[in-house]
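# Reading the structure
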Amino acid sequence: MSEDSTSSVVLRLLERANFIVHPQRYWRPWSGLGKLGNGRLDWQWEALDDDPQFLQRRHLPLPGWHMVELDLDHDQRHALVRLYFDTGSGFSEEESLVVPLRNGRISKRLVYVKGWLKRLRFDPLDSPGRFAVRHFRIVWLTPWFAHDRLSQRLVNMHHRWRNVPRASVIQGCRQRARLERRHWRELALADYEETFEWMCSGQSYPQWLRERGWEEAWERLDEQDTSVSSWPVGPVISPVHRVVARSATLMGEGNLYDLERVDGRAERRDEETVRQQDAHPPLPAREAVKAGEVIYRQNWRTTSRQADFGEIRAGTEGLRGSRARDRSRTRQSKRKAGGARSRDDSRSRQRVMLEHKRSFGRMDVQGESRLVRSQAGPRFSARDVPGAAQAADAHRVCHPTTPQVSILVPVHDPVPAHLRQCLESVLGQDSPHWQLCLVDDASQDPQVIALLEEFAARDNRIELARLEQHGHVCAASNKALSMAKGQYIALLDHDDMLSPCALSYVLEATSLFPAPLLMYSDEDKIDSRGYRCEPHFKPGYNPDLLLAQNYIAHLCVFDIELVRQLGGFRPGFEGSQDHDLALRVCAAADPDRVVHIPRVLYHWRASPGSTALCSDAKQYAFDAGLRAVADHLQQARSGAEVEPGPLPHTYRVRWPLPDPLPLVSLLVPTKDRIDLLAPCVEAILSRTRYPHFELLILDNDTRCPETLAYLKTVAEADKRVRVVAWNHPFNYSGINNFGARHARGELLGLLNNDIEPINEDWLDEMVRHAVRPDIGCVGAKLYYPNDTIQHAGVVLGIGGVAGHAHKYFSRHANGYFSRLMLAQNYSAVTGACLLVRKSLFDQVGGLDERHLPIAFNDVDFCLRVRAAGYRNVWTPYAELYHHESESRGADDNASKRARASGEVLYMRSTWKEQLDHDPAYNPNLTLVHEDFSLR
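Residues numbered from 1 in each chain as written. Predicted model: local features only at pLDDT ≥ 70, side-chain atom pairs only at ≥ 80, totals over all residues. Heavy atoms only, no water.

When its secondary structure is counted, the protein chain shows 29 helices and 36 strands. Residues classed as buried in the protein chain amount to 58% of the 935 residues present. Restricting the contact set of the protein chain to residue pairs at least 6 apart, pairs at least 24 apart contribute 79%. When the accessible surface of the protein chain is summed, it comes to about 38500 Å², and 49% of that surface belongs to carbon and sulfur atoms. (Helix = DSSP H or I, 4+ residues; strand = E, 2+ residues; numbered from the N terminus. Buried < 20%, exposed > 50% of the residue type's maximum accessible area, 1.4 Å probe, protein only. Contact = heavy atoms within 4.5 Å. Areas by Shrake-Rupley, 256 points an atom, 1.4 Å probe, with all protein chains shown as cover.)

Moving on to the sheet that holds strand E7 (residues 80-86). Spatial ordering of the open sheet is given by E2-E5-E10-E7-E8, a layout of five strands whose pairing is antiparallel. The two strands at the open ends of the sheet, each matched to only one other strand, are strand E2 (28-31) and strand E8 (96-100). Put simply, the sheet's adjacent strands are angled 25° from each other on average, direction ignored. Two strands pair when backbone bridges link them, and E7 and E8 are joined in this way by five bridges, in the antiparallel orientation. Looking across to E8, one finds that Leu80 is bridged to Pro100. (Pairing = 2+ DSSP bridges. Axes fitted to C-alpha atoms, helices over the stretch in contact; angles between N-to-C directions.)

Running from amino to carboxyl end, helix H3 (residues 169-180) crosses helix H4 (residues 184-194) at an angle of 115°, the nearest separation of the two axes being 8 Å. Seen from above, H3 lies across H4 with right-handed handedness. Every residue of H4 that contacts H3 at Ile170, Cys173, Arg174, Arg176, Ala177 and Glu180 is listed here: Trp184, Leu187, Ala188 and Asp191. Taken together, the residues that form the contact of H3 with H4 break down as six nonpolar, no polar and four charged. (Left-handed = near helix turned anticlockwise from the far one by under 90°. Nonpolar A, V, L, I, M, F, W, Y, C, P; charged D, E, K, R; others polar.)

Let us now look at helix H28 (residues 857-867). Burial within H28 is extensive, with nine of its 11 residues counted as buried. Immediately downstream of H28, the backbone of Gly869 shows phi near 105°, a positive value.

To continue, consider the pairing of strand E16 (residues 462-467). Sheet topology places strand E15 (residues 434-441) next to E16; six bridges connect them, and they run parallel. Bridging from a neighbouring strand, Leu436 pairs with Ile462 of E16. With helix H16 (residues 446-458) bridging E15 and the parallel E16, this β-α-β connection has right-handed handedness. (Right-handed = clockwise from strand over helix to strand, strands pointing away.)

Mapped onto the elements, Asp559 comes out in strand E21 (residues 556-559). A polar side-chain atom of Asp559 sits 3.1 Å from the main-chain amide nitrogen of Leu562. (Polar contact = N/O pair within 3.5 Å; in protein donor to acceptor, adjacent residues only side chain to side chain.)

The next point concerns unusual backbone geometry. Note on backbone geometry: most residues besides glycine have negative phi, and most peptide bonds are trans. Look at the link from His554 to Leu555: it is a cis peptide, with omega at -20°. Tracing the chain through its elements places Leu555 in the loop between helix H19 (543-548) and E21. Following Asp659, the chain continues into Pro660 via a peptide bond in cis, with omega recorded as 10°. Position of Pro660 relative to the elements: it lies in the loop between strand E24 (651-654) and strand E25 (664-670). Located in the positive-phi region is Ala442, a residue other than glycine, with phi close to 55°. Relative to the elements of secondary structure, Ala442 occurs in the loop between E15 and H16. According to the relative accessible area criterion, Ala442 is buried, its value standing at 5%.

As enumerated under the stated definition, the model contains 38 salt bridges in all. When the shortest N-O distance is used, the salt bridge between Glu523 and Lys538 registers 2.7 Å. Within this pair, whereas Glu523 is found in strand E19 (residues 518-526), its partner Lys538 is found in the loop between strand E20 (532-536) and H19, the two being separated by 15 residues in sequence. Residue Glu523 is classed as buried on the basis of its relative accessible area, which comes to 4%. Ionic contacts of the salt-bridge type, sharing partners, join the residues Arg176, Glu180, Arg182, Glu186 and Asp191 into one network. (Salt bridge = Lys/Arg side-chain N within 4 Å of Asp/Glu carboxyl O.)

The subject of this paragraph is the nonpolar core. Within the largest apolar cluster, 56 residues are counted, with the highest numbers of intra-cluster contacts made by Cys777, Leu834, Val836 and Phe861. Per element, the largest residue contribution to this core is five residues, and it comes from H28. What Leu834 contacts, discounting residues up to four positions off in sequence, is Leu748, Gly749, Leu750, Met766, Cys777, Val778, Val829, Phe861 and Cys862. Judged by nonpolar contacts, the second largest core, of 50 residues, contains Leu408, Phe569, Phe573 and Leu822. (Core = buried A, V, L, I, M, F, W, Y, C linked by side-chain atoms within 4.5 Å.)

Attention now goes to the side chain of Ser425. Along the polypeptide, Ser425 turns up in helix H15 (residues 416-427). Taking the relative accessible area as the measure of exposure, Ser425 reaches 7% and is therefore buried. A polar side-chain atom of Ser425 sits 2.6 Å from the main-chain carbonyl oxygen of Cys422. Setting aside its immediate chain neighbours within four residues, Ser425 contacts Met497 and Leu498.

As a further point, take the confidence of the model for the protein chain. Taken over all residues, the pLDDT of the protein chain has a mean of 78, while the share at 70 or more is 72%. Segment residues 199-203 is flagged for pLDDT under 50; beyond a separation of four residues in sequence, or across chains, it makes 10 contacts in the model. When the criterion is pLDDT under 50, residues 214-304 qualifies, and its contacts beyond four places in sequence or with other chains add up to 170 contacts. (pLDDT = per-residue confidence, 0-100.)

Here it is, written out as structure tokens:
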């Protein structure tokens, strides 16, 4: 019997014994499914609703460990497949498996079946659509093999198991399980599931919030018998709601707005019902408030505030680096004319800052001895506002007490219930250091006017003014600004809400950072039902992203004296007045004084007609934003132009090309593999519109006669091509350093030999950025041949060292809050296609050929460029295909694996905590996957 026939017999025996199960052979449509064509390239099934189901009753998987293998094509933007296992108690979420799909690839997942199955249910999609199952099988695994695969995944992908020997993972899980009195397998699989998280949807965010204690808080409150059912229904938040809201952590544990309880079941009321509610809902009993306060202290305060700001401090290495900050301090010390501070003023200001820190009691001794730095970025020129930042500093020195925050709220005919929630969220702040400046912009609704007067009478920190004629948001905001008495102003829309801890975090930031001039936080949205959704976890100060969209948005807090020096809110920029103000503040302030607080402090109302609900809404706001960016570029005298971006409320900046054009030297290392090299060279020569470049093919000891003949031919046929020999063992860093020494150009382009340009202006776009004096490395958007993302910027810390942002996303996907479509700053970009000035390459010493001969040399190089004081930028407007690592091959032997392990250890020891705190990322997002899912 032949080997093939023997294998076939063995497979049939394994299938008959249910060691290998092919569910599609035995299932039958159960609900919400329609049969389509049977051809290989056709869709096989149609999901008729959002819960299609297959059911299988025989030939079921055995108890124990299994590997689920699935390849499913579909016509949806995103899809999750679910498997339910019925062991006798019916189907439940506890005994189910979620499989995130990968385009054009087989997804594999470990699963443990706890007992003999009665039924198996397969839910292929979570929305109506068409699909075809290309591959689906469930393979029984021996325990030792399953444990090995599980351990390998956790060590490679999960931050908790980083640097743990693979052989010690299961033992570690058992020890942890004994302490927590749970089964080790449950803990291990929970960590394993985290390595497969995908970008959060409207459903996963509430679950993420619940896992952080909100449900527990509700249960404990109910145990106090506080008559929850007697509280006012609907989304209106009473004082006790504010107290209970404080039981959540700052990121917002749970749904603070779905507070209706009738017979233990949540109910919701529509907007019209809310409008008809009594304007004065009954207040709960004092005992309820007391019980809520207990929960507030036990739950919210258990979140370490020192740890929170530790995350902020750890991420403040910035996008420019320490040397730039040293230069900034040197410049500041030399400014003794033209409104610069004297040395005595500087010392006085430092004493004031230390007093702030001591008054809060939140800073350790080491922290009080230094001024913590914020995320760094470029320093824009501020010729139009000389001395503005210095005036703000002088004002701050004269106010040594805890700062007060004046909250500006322009009001114009909001939904009364939404306005009430907005104002209650201010009254519910756990910090008392605030002033609320309300300006009614000629509202016509008598309920709104009555509501404003009611709140103004409730608290002497609330000031109310009214404009007789509708002047729009800038006029109302300027009126509120004139009423402000605090050292900082916070912007709040009339139907949005603040987290109960918002101002507490802002004030602590003012004590921990060196006189911030702009502070901003993360945010989420409130949908029409009152549910929280779409959290936006933002990067640190990212100047190029700020030009592409107003990612700063809410909550935004400004130094009041600087805002007044800049002239406040400018009429004519209505709809994007906050973006315009942020750009002007950034132009006048050193980037070290722009602080990001990575916590959700603001809840944005997604109401009909708002940009929160529909980005296409308010065309006038988009036009105003376009003018704001254009004005910023003009004031900075950059010579750049702005145009509408690829998505609503986004912008594309076209930076100028110098005259004359600089020569670009494109370095392409290669060895043999004419099948990769020839398409790469021909694509570069034929699809590059930029006229002034040379192509250096770095021949790494090619032996293939056909490749040698091609190298000779192409060098003779095109004067732009040179071939330079480097006959040493392959060392990516070494061969590129060698090529840089032979390059004639002012700019160096590092290219792999499996790169193929797509758009002809790819090099124009990269040169536009590379010649900017404050920019270091420039990266491009790279695709796999199947049009999924290979590279869209590097995120530090993923997988231990670094990973590619949005890897495997569709070419046409927008990405996390449109980041796949916008130029922005990243800490690093891939060396597969990287452009940098030759002078800067030489300045930082090129690539590290000693410690990083193969991997991570590009990340290390980018971080050294950042440390030298430059920002790295990634642009989506330079698009290329990349056949990743095909010419080098995989790390598939002991020596290669040892080398790869050494490179990882070098990166971890060299860059340490910087790898886990990327200022272009967010500490609330995962470090085990590349999809911006929640940590």
